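What follows is the residue order along each chain.
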Amino acid sequence: MSLWSGRERCWFVRYRVFRCRNRPVAVCVYCGRPFCNDHGRFLPNAATVCNHPDCTHRLAEIEEFKAYKLEAEARNLAGTCGQAGCPAEVWGQCSRCRRLFCEEHLSEVYEAHYQLGRRQRRYYSVCPYCRRFYKT
């Protein structure tokens, strides 16, 4: 038993003054904060997410991304570009979501990384949806 086990509390704080006094039952998979049954969610895949706005936003982004991938996959099965409303044939694959797109809807981005002490660029082809996750 650790010294801090008696002091464990739910992370939830209201108005920067009132703190939840319930014992935590799980830890958030995104931020690592402990939370009680009132201030978190238990997902079907055994993941636990707290009600913190940043973690809730992340969870919503993941659900939105899954829906986007399903829509693009349905269009790919029909043999067309994964972008909505584009009837063009597929040309290449997005490196992030792995769906197929026409040449017009794929763009090239790069990420800098270090290999053997030298800065190098890795180039990726990404769709318009995934492009917003890259700086270049």
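Residues numbered from 1 in each chain as written. Predicted model: local features only at pLDDT ≥ 70, side-chain atom pairs only at ≥ 80, totals over all residues. Heavy atoms only, no water.

Novice: Which residues make up the side chain of Asn 76, and what values do they have?
Specialist: The residue Asn 76 is located in helix α1 (residues 53-77) in this model. Side-chain polar atoms of Asn 76 contact the backbone oxygen of Thr 80, separated by 3.1 Å. Leaving out residues up to four positions away in the same chain, Asn 76 has contacts with Cys 81, Gly 82, Val 90, Arg 99 and Leu 100. (Helix = DSSP H or I, 4+ residues; strand = E, 2+ residues; numbered from the N terminus. Polar contact = N/O pair within 3.5 Å; in protein donor to acceptor, adjacent residues only side chain to side chain. Contact = heavy atoms within 4.5 Å.)

Novice: Talk me through the state of the cysteines; I want residue IDs and the actual numbers.
Specialist: The tally for this structure, following the rule as stated, stands at zero disulfides. Distance from the sulfur of Cys 50, which forms no disulfide, to the nearest cysteine sulfur (Cys 55) is 3.7 Å. A residue is classified by how much of its surface remains accessible, and Cys 50, at 0% relative accessible area, is buried. Between Cys 130, a cysteine without a disulfide, and Cys 127, which holds the nearest cysteine sulfur, the sulfur-to-sulfur distance is 3.5 Å. (Disulfide = S-S within 2.5 Å. Buried < 20%, exposed > 50% of the residue type's maximum accessible area, 1.4 Å probe, protein only.)

Novice: Help me get a handle on the pattern of salt bridges, residues and values and all.
Specialist: Counted according to the given criterion, the structure contains two salt bridges. Among the ionic pairs, Glu 64 bridges to Arg 132, the shortest N-O distance being 3.5 Å. Of the two residues, Glu 64 is situated in helix α1 and Arg 132 in the segment after α2 (128-131); the sequence distance between them amounts to 68 residues. Accessibility expressed as a relative area gives 48% for Arg 132, which makes it partly exposed. Between Glu 73 and Arg 99 there is a salt bridge; the shortest N-O distance is 3.8 Å. You can see Glu 73 sitting in helix α1 and its partner Arg 99 sitting in the loop between β7 (92-93) and β8 (100-101), a full 26 residues away along the chain. (Salt bridge = Lys/Arg side-chain N within 4 Å of Asp/Glu carboxyl O.)

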